[in-house]
Each structure stands twice: as C-alpha cells, then as structure tokens.
Amino acid sequence: MAVAAAAVVRQVLPNGLTALVRATPGSGSVAVVGLVRAGALFDRDRPGLARLTGTALVHGTLRRSAQQLADELDGLGATLVVTPGLEVTTISGRALPDDLGTWLALAAEVLMEPAFPADEVAKVRGQLVTTARVNAMDTRHAAERLFRRLAFPPDHPHSQPPDGDEAVLAALGPDDLRAFHRRHVTPNATTLVIVGDVDPDRAADLVAARFTAWPAGDPWTLPPVPTSAPPAAPRRQEVTLPGKTQADLVLGTVGTSRTAPDYYPTMMANLLLGQLGMMGRIGQEVRERQGMAYYAFSDLRAGLLAGPWWVRAGVNPAHLERAVEAILHEISGLARDGPTADELADARAYLVGSLAVRLETNQGLAQALAEIELYGLGLDYLERYPAIVAGITRDAVVEAARRFPTDAYTLAIAAPERS
C-alpha cells in the first residue's frame, strides 16, 4: 500500500503554487486534484459567496465561453469539475496522458482568468437559490442548519451550511465574484496533484509553464475564528416543517481539527460509534436492532478547523425520544467501557485496508496526496500510516469518546407538526 515519499515529485513555484506528481506507469490515464484554500470559511457575513464563485469558475473564461470550454473537454474525452466546499474549493479531472498539457491549460484559464459573465452568473445563481430553497424544506438539511446555528457562534464558519443563504445568494452579482476570486483564489493558496501515466519531471514542467504567470496573492492565513464554547447542559431546539412525515435529528458537539493531537483516537472513536460495519454501534442498535431509524450514523468533520462531531438519524417522529436515548446510551457505553479487543482490531484493519483500496486509483491517490499537503502531514505519511493506526490505544479511544459529552450536547430536530 505504501507510497514512498521518494516517488513523489514536489515543487513550489515562485508564486507559491505547490505541485505534487506521482507516476503510475501503465495506468493509461492521468488524474489531477487541485485544492484551493478559498472555501466558505471566507464567506464571513455573506454565506454562499464562495460557493457561487467556485461554481461559476467553469462558466466561461476570458478566452472561452462555457460552451466552448465544455466542447474542448468533450473533444479530449476529459473531465474538469470544480467543487466548492467549506474550507477548500476543489478542481479535479482526468485526461489521457498525452492531453495533460491541454488539460492544465484549460484549468489555468478556469483558475486564473474566469470571466464571470452576467448571464452565466445569473444561471448558476438561480440554480443555487433553488437548491437552498429546496433544502430549507428538507428535514435533514433543516436539522443540520439548526445544529450549526446552535453549536457554533454566529461568526464561526461552521455556523452556516456551505450551500449558503438564499437571500444572500440572490443579491450576489459578477462584481462580488470577481472581488472574492481576486482576493482568495491565488496560487499561494493552491496545491495541484497529478497522478498517472506520466513522466513526473515533464508533468512538473507543464505545471510551471501553465501557472508561473499567475500573480501571487497576499500570504494565506486562516480567518479569525471565534471559540466554540460547549453548553453547560444539553441544549435542544426543534423546528417544525409542515407536511413532512419523517423527523431528522442531529446530536453532537464540536469535534477536533485534522492536525490536533487527539485527531486519531477521536477518528477511531467515531468509526466505532457510527461508521464501522452497519454504521457502528449506533447504526447497529438504533437502526438494525431496535428498528427506530431509516438511517443512523456518526460523522467527524475534522479539517483545518474543528468542525462538528455529530450523530445523525432519520426517524419516525413517534420514536424521537427513544432514538435520542439509545444514541446517548451507545456514546456513554463507549466512553465508560471502551472498545473490545475485537472491535479495536477490526477498526485498525478497516482503516489500513480502506486506505489501500482508495490508493488503487489515480484519482484516489491524487486526493490523498492533496490532503497530505493541505494538512502538512509530510510526504512519508502513507508509509507511516499503518504504524499510526496501530498506535491508537484503547485508553486513547476512551478518552476521545469522553469528549462527546452526554450531559452537555447540542440536539437539533426538524420534524413535522406533532399533537
């Protein structure tokens, strides 16, 4: 599984753009993953700005219309997708090895020279406004939105869902997108990873040829983020959505960041609670054994910032209280008794094995290398990973589980009217 650090070519252009290249001879294709640290965490008081800006990047450049860009990619049999997220905007795609230079030229246009034409911005804005409006009437989205508002202070990036606010989106125009792009979509905020059937030195030269002219921006830093204080007692709030039949709940706390010392035991605790097998202990008990939920799982959003650590479930409204009780029981059990030896062995095997599967594709390996660079884990990370996982002890998992407080959690519920 291990990908030797020496097999990865890393170069940093004078403008700050970082490029990683890993050859996979014989794979017959090339995948590219680029992470631009220009996500919704820079929205501040305009939730949706980063999402609209990122989505509109592929809707026309200074040299090509959106249709011409799509036709060019179709002619190559290639893909190029931009996906805005909370912390990063991802540009990714695949192409034949001989077309890598052309693909990078198109990606350079998208990142460096977006036109944000008014008609295309209006089209994308309309799509995102519609999505936000539909999400507002969906119990699953409504519960998440309420949880974020309760668990994080108003100015915290995690207090708003990355899909944005309908009213804010509706008011944004091309000039807003150009200003956001100029400020945040910069080479020194960007990492490009190329994995495929290519010569690494040639691929690195192609990156330099296409991106060296991109002017450097201001030094990248995280925006100021207010502290998220846990509640002194369980904090619960419910929103009613008329006409619905299912209730969705989000029960959680503020987790940890990807680079924090407690990340690995917390990740393991989350895996055991709500991911492994039939969605961990919670999925097994709440959904499989008691049959109270349509789905039930836990999720740890650990990134540059400490995001939510939450349990999510969709239940019959009549089962809400029992489901909450069962979820808390499973969290308490892990925090009190810890994992069994078999659970710990299964979790370790899963973590090592699932990463090996992920690295089997060019796309998966490119994504993994991009995240390694984003979090500063070191190019030897994949070689060290099995030992890291083997070193997660039972006591560390217990300690991590105890940071999911069953007496000071946040609970958000979106449900139909109940008598």
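For the structure itself, consult the block above.
Overview of the structure. Remember, predicted model here, so these are calculated numbers, not experimental data.

Turning our eyes to something else, we now look at the overall build of the protein. Summing up its helical and strand segments, the protein has 15 helices and eleven strands in all. In terms of overall size, the protein behaves like a compact globule, its C-alpha atoms giving a radius of gyration of 23 Å where 419 residues would be expected to give roughly 22 Å. In terms of principal-axis extent, the alpha carbons of the protein reach across some 60 × 50 × 35 Å. Looking at the protein residue by residue over its 419 residues, the buried ones come to 55%. In the protein, the proportion of contacts linking residues at least 24 apart, taken out of those at least 6 apart, comes to 82%. In the structure as shown, the protein presents an accessible area of about 17700 Å², 51% of it carried by carbon and sulfur atoms. Of the charged side chains in the protein, 39 are positive and 47 negative; the average position of the first set lies 3 Å away from that of the second.

The next subject is the pattern of salt bridges. Scanning the model with the defined rule gives 21 salt bridges in all. One salt bridge connects Arg63 with Glu113, and the closest N-O pair in it is separated by 2.7 Å. Taken as a pair, Arg63 in the loop between helix H1 (49–56) and helix H2 (66–76) and Glu113 in the loop between helix H3 (100–112) and helix H4 (118–136) lie far apart in primary sequence, 50 residues in all. Classification of Arg63 as exposed rests on a relative accessible area of 57%. As a salt-bridge pair, Arg336 and Asp337 come within 3.1 Å of each other at their nearest N and O atoms. Its relative accessible area of 52% is what places Arg336 among the exposed residues. A relative accessible area of 42% means that Asp337 is categorised as partly exposed. If you follow the salt bridges from partner to partner, you end up with Arg64, Glu72 and Glu109 in one network.

We now examine the nonpolar core. Membership of the largest hydrophobic core comes to 68 residues, with the highest contact counts inside it found for Leu249, Leu251, Met268, Val286, Leu369 and Leu382. Residue contacts for Leu369: discarding those within four places in its chain leaves Val8, Leu20, Arg22, Val193, Val195 and Leu382.

Before going further, it helps to spend a moment on the packing of aromatic side chains. One pass over the structure, following the stated rule, counts seven aromatic pairs. Measuring from ring centre to ring centre gives 6.2 Å for Phe42 and Trp220, while their planes differ by 80 degrees; the resulting arrangement is edge-to-face. With Phe42 in the loop between strand S3 (30–36) and H1 and Trp220 in the loop between helix H8 (200–211) and strand S7 (235–240), this residue pair connects regions lying 178 residues apart in the sequence. Residue Phe42 is classed as buried on the basis of its relative accessible area, which comes to 11%. Judged by its relative accessible area of 22%, Trp220 falls in the partly exposed class. Their ring planes at 45 degrees and their centres at 6.1 Å tell us that Phe211 and Trp214 sit as a pair that is tilted. Residue Phe211 shares its accessibility class with Trp214, and that shared class is buried. In this structure, Arg140 is placed above the aromatic ring of Tyr295, and the distance from its NZ or CZ to the ring centre is 4.1 Å. Over the face of the ring belonging to Trp310 we find Arg312, whose NZ or CZ atom lies 4.8 Å from the ring centre.

With respect to the helices and strands, the residue Gly255 is situated in the loop between strand S8 (247–254) and helix H9 (263–274). The partly exposed category is assigned to Gly255, whose relative accessible area is 22%. For the pair formed by Gly255 and Asp176, sequence separation is 79 residues and the distance between their alpha carbons is 33 Å.

The phi torsion at Phe116 lies on the positive side, around 45 degrees, for a residue other than glycine. Along the chain, the position of Phe116 falls in the loop between H3 and H4.

With mixed pairing, the five strands of this open sheet are ordered in space as S7-S11-S8-S10-S9. A strand with exactly one partner marks an edge of an open sheet, and here the two such strands are S7 and strand S9 (293–302). The average undirected angle you get between the axes of adjacent strands in this sheet is 15 degrees. Summarising the sheet, S8 and strand S11 (residues 410–415) pair through five bridges and their orientation is antiparallel. Note that in S11 the partner of Val250 across the bridge is Ala412. Each of S9 and strand S10 (306–315) touches helix H10 (residues 276–289); the most contacted strand, S9, lies at about 160 degrees to it.

Right, let's get into the environment of Arg46. Along the chain, Arg46 turns up in the loop between S3 and H1. The exposure class of Arg46 is partly exposed, given its relative accessible area of 32%. Each C-alpha atom of the pair Arg46 and Val168 lies 6.0 Å from the other, and the pair is 122 residues apart in sequence.

The strand order across the open sheet formed by six strands is S1-S2-S6-S3-S5-S4, and the pairing between neighbours is mixed. Each end of this open sheet is capped by a strand with a single partner; those strands are strand S1 (8–12) and strand S4 (79–84). This sheet shows a mean twist of 15 degrees between the axes of neighbouring strands, independent of strand direction. Pairing geometry for S4 and strand S5 (residues 89–95), over six bridges, is antiparallel. If you follow Val81 over to S5, its bridge partner there is Ser92.

In this section: H3. Here H3 spans 18 Å end to end across 13 residues, near enough to the 18 Å set by a 1.5 Å rise per residue. With respect to burial, H3 is a largely interior element, ten of its 13 residues being buried. The complete set of buried residues in H3 reads Leu100, Gly101, Trp103, Leu104, Leu106, Ala107, Ala108, Glu109, Val110 and Leu111.

How each quantity is defined
- Residues numbered from 1 in each chain as written.
- Predicted model: local features only at pLDDT ≥ 70, side-chain atom pairs only at ≥ 80, totals over all residues.
- Heavy atoms only, no water.
- Helix = DSSP H or I, 4+ residues; strand = E, 2+ residues; numbered from the N terminus.
- Rg over C-alpha atoms; globule rule 2.2 N^0.38 Å.
- Buried < 20%, exposed > 50% of the residue type's maximum accessible area, 1.4 Å probe, protein only.
- Contact = heavy atoms within 4.5 Å.
- Areas by Shrake-Rupley, 256 points an atom, 1.4 Å probe, with all protein chains shown as cover.
- Lys, Arg positive; Asp, Glu negative; His and termini not counted.
- Charge placed at Lys NZ, Arg CZ, Asp CG, Glu CD.
- Salt bridge = Lys/Arg side-chain N within 4 Å of Asp/Glu carboxyl O.
- Core = buried A, V, L, I, M, F, W, Y, C linked by side-chain atoms within 4.5 Å.
- Phe/Tyr/Trp six-rings, centres within 6.5 Å; stacked < 30°, edge-to-face > 60°.
- Lys NZ or Arg CZ within 6 Å of the ring centre and 35° of its normal.
- Pairing = 2+ DSSP bridges.
- Axes fitted to C-alpha atoms, helices over the stretch in contact; angles between N-to-C directions.
- Expected span 1.5 Å × (residues − 1).

In short, the description is geometric, and any link to function would need to be established separately.
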